[in-house]
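Secondary and tertiary structure notes
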Amino acid sequence: VSRPFLRSIPYEFLAIILGANLVIGLAGRFLGTAIDSRIKAERGRELEAIADLKLKQVTDWQEQRLSVAKLLTRSPLLLGELTRSVQQGHRVAGGPLAELFLDLCSLNGYRRVVLYKTDGEPVLSSPDSAPPLSPELLYKSYEALRKSRPVMSDFLRDERGRILLATVAPILEGNEQRGTLVLADDPERFLYPLIRSWPTGSATGETLLLEFVGNRAVYLSALRFRLEDPMDFASPLLDPRSVPSLLFSGRRGAIEGRDYRGKPVLASARSVPGTPWVLEAKVDQEETYAESRRMRLVLSSLIGLISVGLTAWAAFRLLSLSRRLRRERETLVSRFEFLSRYSNDMVLLLDENWRIVEANDRALEAYGRPREDLLDMRFLDLLEDPAADRLKGLREELSAKDGILFEAEHRRKDGTSFPVEHSLRLLPVEGRPMTQDVARDLSERRKLEAERLALERELLAEHKLSAVGRLAAAVAHDMNNILTGILGHADAMRMRSMSDPRIQSSTMRIRQAVERGARLTHGLLAYSGQQRLETGRLDFAAYIESLGGRLRAALEPRVRVAVSHSPPPLTVRADPSALDVVFDNLAANAAEAMPGGGVFSIHAAPAAGGEACGGGPPPERSVEVLVEDTGSGMDEETRQRLFEPFFTSKEFGSSAGMGLAITGGIIRQHGGTIDVHSVRGKGTRFRILLPLCADAE
Amino acid sequence: LDVGKRILVIDDEQMILDTIKIIFEDMGHSVSTFSDPAAGVAEASRADHDLILVDIRMPKMNGAEVTRAIRSVRPQARILLITAFPSDPLVASALEAGAFAILRKPFEIAKILDMLEGR
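Residues numbered from 1 in each chain as written. Chains lettered and ligands numbered in written order. Predicted model: local features only at pLDDT ≥ 70, side-chain atom pairs only at ≥ 80, totals over all residues. Heavy atoms only, no water.

Moving on to the overall build of chain A. Helix and strand content of chain A: 17 helices and 23 strands. Going through the 697 residues of chain A one by one, you find that 43% of them count as buried. Restricting to contacts in chain A with at least 6 residues of sequence separation, those with at least 24 account for 58%. For chain A, the computed accessible surface area is about 36300 Å², with 56% contributed by carbon and sulfur atoms. (Helix = DSSP H or I, 4+ residues; strand = E, 2+ residues; numbered from the N terminus. Buried < 20%, exposed > 50% of the residue type's maximum accessible area, 1.4 Å probe, protein only. Contact = heavy atoms within 4.5 Å. Areas by Shrake-Rupley, 256 points an atom, 1.4 Å probe, with all protein chains shown as cover.)

For a regular strand, side-chain orientation follows a simple rule: the groups alternate between the two sheet faces. Residue and element names in this part refer to chain B. The element strand S1 (residues 6–10) is extensively covered by neighbouring structure, given that four of its five residues are classed as buried. Inspection of the sheet shows S1 paired to strand S2 (residues 30–34) by five bridges, in the parallel sense. Bridge pairing in S2 places Leu8 opposite Ser32. Handedness of the S1-helix H1 (residues 14–26)-S2 crossover: right-handed. Pairing analysis gives four bridges linking S1 to strand S3 (residues 51–55), with the strands arranged parallel. Note that in S3 the partner of Ile7 across the bridge is Leu51. (Pairing = 2+ DSSP bridges. Right-handed = clockwise from strand over helix to strand, strands pointing away.)

Checked against the element boundaries, Thr83(B) lands in strand S4 (residues 79–83). Residues in contact with Thr83(B), not counting those within four places in the same chain, are Asp55(B), Ile56(B), Asp88(B), Ile102(B), Leu103(B), Arg104(B) and Lys105(B).

All names here are of chain A. Here we have six strands laid out as an open sheet, ordered S8-S7-S6-S11-S10-S9, and antiparallel in their pairing. This sheet does not close on itself; its edge strands, each paired only once, are strand S8 (234–236) and strand S9 (253–258). For this sheet, the mean inter-axis angle between neighbouring strands, taken without regard to orientation, is 35°. Here strand S6 (residues 206–213) runs beside strand S11 (residues 278–284); their pairing, made up of five bridges, is antiparallel. Looking at the pairing, Leu210 lines up with Val278 of S11. (Axes fitted to C-alpha atoms, helices over the stretch in contact; angles between N-to-C directions.)

Residues and elements named next belong to chain A. Interhelical geometry of helix H14 (residues 540–555) versus helix H15 (residues 576–593) gives an angle of 40° and a closest axis separation of 11 Å. As the angle between them shows, H14 and H15 are arranged oblique. In this structure, H14 crosses over H15, and the sense of that crossing is right-handed. On H15, the residues that touch Phe540, Tyr543, Leu547, Arg550, Leu551 and Leu555 of H14 are Pro576, Leu579, Asp580, Phe583, Asp584, Ala587 and Ala591. Grouping the amino acids of the contact of H14 with H15 by side-chain chemistry returns ten nonpolar, no polar and three charged. (Parallel < 35°, antiparallel > 145°, perpendicular 65-115°, else oblique. Left-handed = near helix turned anticlockwise from the far one by under 90°. Nonpolar A, V, L, I, M, F, W, Y, C, P; charged D, E, K, R; others polar.)

Our next topic: the confidence of the model for chain B. In the predicted model, chain B carries a mean pLDDT of 87, and 95% of its residues have values of at least 70. Interface confidence for the predicted complex, given as ipTM, is 0.84, next to a pTM of 0.42. (pLDDT = per-residue confidence, 0-100.)

Turning our attention to a nonpolar patch on the surface. On the surface, Met479(A), Ile482(A), Ile486(A) and Met15(B) cluster together into a nonpolar patch covering about 290 Å² of accessible area. With three residues, helix H12 (residues 443–496) of chain A is the single largest residue contributor to the nonpolar patch. You can see Ile486(A) is positioned in helix H12. (Patch = residues over 30% accessible without salt bridge, like charges linked within 9 Å, V, L, I, M, F, W, Y side chains within 5 Å. Salt bridge = Lys/Arg side-chain N within 4 Å of Asp/Glu carboxyl O.)

To continue, consider the pairing of S9(A). Residue and element names in this part refer to chain A. Note that S9 and strand S10 (residues 264–271) share six bridges and pair antiparallel. Bridge pairing links Arg258 to Pro264 in S10. Linking two consecutive strands that pair antiparallel, namely S9 and S10, is a turn of five residues; a positive phi of about 85° is found at Gly262 within it.

Further remarks concern the interface of chain A and chain B. Counting residues at the interface gives 27 residues for chain A and 23 residues for chain B. Surface buried jointly by chain A and chain B totals about 2000 Å² across both partners, of which 63% is contributed by carbon and sulfur atoms. In terms of surface lost to chain B, no three residues of chain A exceed His477(A), Asn481(A) and Thr484(A), which account for 27% of the buried area on that side. For the interface between chain A and chain B, the tally reads two salt bridges. When the shortest N-O distance is used, the salt bridge between Arg511(A) and Glu108(B) registers 2.8 Å. Across the contact surface, chain A and chain B share six residue pairs in polar contact (both at pLDDT 80 or more). Where the side of chain A that touches chain B is concerned, the elements lending two or more residues are H12 and helix H13 (501–527) of chain A. In terms of residue count, the dominant contributor to the side of chain A that touches chain B is H12(A) (17 residues). In terms of residue class, the side of chain A that touches chain B is built from ten nonpolar, ten polar and seven charged. (Buried area = accessible area lost by both parts, 1.4 Å probe. Polar contact = N/O pair within 3.5 Å; in protein donor to acceptor, adjacent residues only side chain to side chain.)

All names here are of chain A. Taken together, five strands build an open sheet; the order of strands is S13-S12-S16-S15-S14 and the sheet is antiparallel. The sheet is open, and its two edges are formed by strand S13 (356–359) and strand S14 (404–411), each paired on a single side. The average angle at which neighbouring strand axes cross in this sheet is 30°, direction not considered. Relative to strand S16 (residues 432–441), strand S12 (residues 346–350) runs antiparallel, the two sharing five bridges. Bridging from a neighbouring strand, Val347 pairs with Val438 of S16.

Here it is as structure tokens:
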């Protein structure tokens, strides 16, 4: 992702989208909680309804059982029969009453119908014989007799351990208590199925009957999640959060607690009137939660969908924004490119932190860097000398002025540097204070300048040369005539006064001065090429050996003269008297550069090639003559101008500054070259190349 | 010292003529000088001279022409060339024409004396 894009992202927009998502999420959570409690309430109401329904069914059944008993014991016809049987006092087998009892069992679902005397002794029992009344039932029969109406017993076990519920009806003749009729019900036949049946398709829904006995809850009906028979299972009221504990403490209606399995359930309970029973309808909270979870899943899916939609919309907006930005940037770039791509100058676009944002091909080429490399750099990194304070105040100056022009050395990737002229100008791009830098690589210009300078110097030298030549030609003739006059008269004086040593000395000095003047004109003519060389084959080895002898005589012992050469033949075409001038000049200069003494050496050896002279073809082979001294050396400016006529320095040019000019002129006339290398304080080395004779015989 | 020699000097430069005339007449020689080469040639053909000094570069006639002209009349004339230019192309043709030596300016009087006595 490019920097401009990152900068252009509307973060406020993103924050709004994020906030919106957060709000949606919170709303979802709130809604989820609301759904939870709503479902719980609904489940609670459902449980209440179920509990109410069950209670009604149980009490209806009780009513029905009681009314059957009432009907049997109030009917005068039957009452007479019952009283008679009791009064006869012994067990009756068969007879119409036994038939009735059997019909009651088969038609009304009783397990056993028994007629008891008031003391609890069975008189008539059907379909099988019965034992005397158990204490609980005896108690119930007294209650029924006392209340003169049938009563219902609690859950009991008969003599064979079977669970039964008995309806006990009094047999009263007026106020006389004659006995009781006990109609024993098998709860499994009707009551238990009634309790067990659950009106909705719930996986954990359960209705049960329980009764508190001491500190335990005894379950009177069979349980959905336990294998025990009814009444065989009881749970201690230890956990205050268990549903039985809550019921024991009197809670009714919708209850949240743990059931006999210890599982969290939602329950609703009713006391069954006229009994110690509690009817409880319950369902696992898990089941209700599952439902709410389903709801929440739907809800969260919905919210997720909305959120995703919103985010997608935002992303789409962002994308189109970025596309627009890119398009804008591309437009900008293409505009910029149009202007700068084919520019002969480097064009850089810098951002407010002097970072390079754009660069044209020329710039990439100049710095030798790939585009992505350059686009990551700071302007300073391009400079040879990255002095940061260079940019300080530059922007202020930029905004104050219309543009700034300055030069700096820049560095290429390969480490080489090149001079650059910058033209900076503020260029606001989309409100950002960018800077446009049109930079020109000055290396070519510098090179051309140097070439021009060299050419100028050469032209000047040539101009000087021809001027000096003309001058020399004009002067030499007259000067030599003048000198002839002077010398002639000096000679005459000398000859006339041979005996006067002072005149002899003076005329000698005049002579010396004239000779020097003659040498100067001679040199001028030689330098300007007015003087023809008298060239011929020259054994250069022999020449420098004799030269060495001559120089030693002149310079030693102050300056040691060392002459060496490679084995002969070293044959050149040269004018030895002209070469004498050359080496005399070099030796004189060297001696002057070594006031405290030193070494002056000349070494000659064949060298390949040689530099072309005066536009001619370079010779195939040359003699390279190295003329070195251990003197004070010279600076660069002196070195460059050394061969110019009339150029003198403190070290060189005791005369008119013609010595080395003449030297150079003579070497040139020989078709050779001369250059000089010097290090201040170390010494100077002249390198002369003279063309070797091709046909060295 | 050998005196009474006749010397002819032809040079367009008056100072050279004067110098040689003064010095050599002082020595007892007779010196005739001509700045005009033609007049000089006429003098040379008119009378015999022990030494004739001829400048190479002169207007109207150069040293080689003068030498040729004199030698055509007096083949035995001893002609000494004098030049201000050490390497003058005319030197070769003048020597060819019969000059016996060349003297570069500035020259020593002693050299001329040597030439004079060389006869």
